[in-house]
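Residue-level structural notes
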Amino acid sequence: MAVERTLSIIKPDGVEKGVIGQIIARFESKGLKPVAVRMAQLSQAEAEGFYAVHKARPFFNDLVKFMTSGPVVLMVLEGENAVLANREIMGATDPKKAAEGTIRRDFATDIEKNTVHGSDSLENAAVEVAYFFRTIEQHGYAWKK
């Protein structure tokens, strides 16, 4: 198995609900170690840039508005097959379709306010990590751009 790194975001609804610690604990209990963590208030430009892949979709403006509505927790998770493991821990995008015991099933309100984001591939993980974390050193420290 390969040790990978992936991006995870606790979205504004997760921060507002006060479940940051519970979410991080779920990742840790499944072998994903946070190697970089910071809280941020995304600007409109940051959110638009990060979600640019969805720009043509009808939900883009609502997504940007939601992601800028409050602070988020940005994390780089490291572990065996981190991308897939993170996605399994999060659950399906629609919390109604998410498996029992997943983050989205337990904490998300709906498909828009679904509490967490996770990279969907190793290639996207590299791009997404670099978007929010300029550099991550061996000891897990991260510095803002």
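Up top is the structure.
About the criteria used
- Residues numbered from 1 in each chain as written.
- Predicted model: local features only at pLDDT ≥ 70, side-chain atom pairs only at ≥ 80, totals over all residues.
- Heavy atoms only, no water.
- Salt bridge = Lys/Arg side-chain N within 4 Å of Asp/Glu carboxyl O.
- Helix = DSSP H or I, 4+ residues; strand = E, 2+ residues; numbered from the N terminus.
- Buried < 20%, exposed > 50% of the residue type's maximum accessible area, 1.4 Å probe, protein only.
- Pairing = 2+ DSSP bridges.
- Axes fitted to C-alpha atoms, helices over the stretch in contact; angles between N-to-C directions.
- Contact = heavy atoms within 4.5 Å.

This next bit is on the pattern of salt bridges. Side-chain pairs of opposite charge can arise whenever the charged atoms involved come near each other. Enumeration according to the criterion identifies 3 salt bridges in this entry. Here Glu78 and Arg5 are joined by a salt bridge, their closest N and O atoms 2.8 Å apart. On the criterion of sequence distance, the pair formed by Glu78 in strand β3 (residues 72-80) and Arg5 in strand β1 (residues 3-10) is long-range, its members being 73 residues apart. On the accessibility criterion, Glu78 (24% relative accessible area) is partly exposed. With its nearest N and O atoms 2.8 Å apart, the salt bridge here joins Asp106 to Arg26. In this pair, Asp106 is assigned in helix α6 (residues 103-107) and Arg26 in helix α2 (residues 20-29), connecting sequence segments 80 residues apart. Asp106 sits in the partly exposed class, given a relative accessible area of 38%.

The strand order across the open sheet built from 4 strands is β2-β3-β1-β4, with neighbouring strands paired in antiparallel fashion. Because the sheet does not close on itself, it has two edges, and the strands there are β2 (33-40) and β4 (116-118). The mean angle between the axes of side-by-side strands here comes to 20°, regardless of whether they run parallel or antiparallel. When β2 meets β3, the two strands line up antiparallel, connected through 7 bridges. Within β3, the position partnered with Lys33 by the bridge is Glu78. Against the sheet, helix α5 (residues 82-90) makes contact with β1, β3 and β4, and its axis sits at roughly 35° relative to β1, the strand it touches most.

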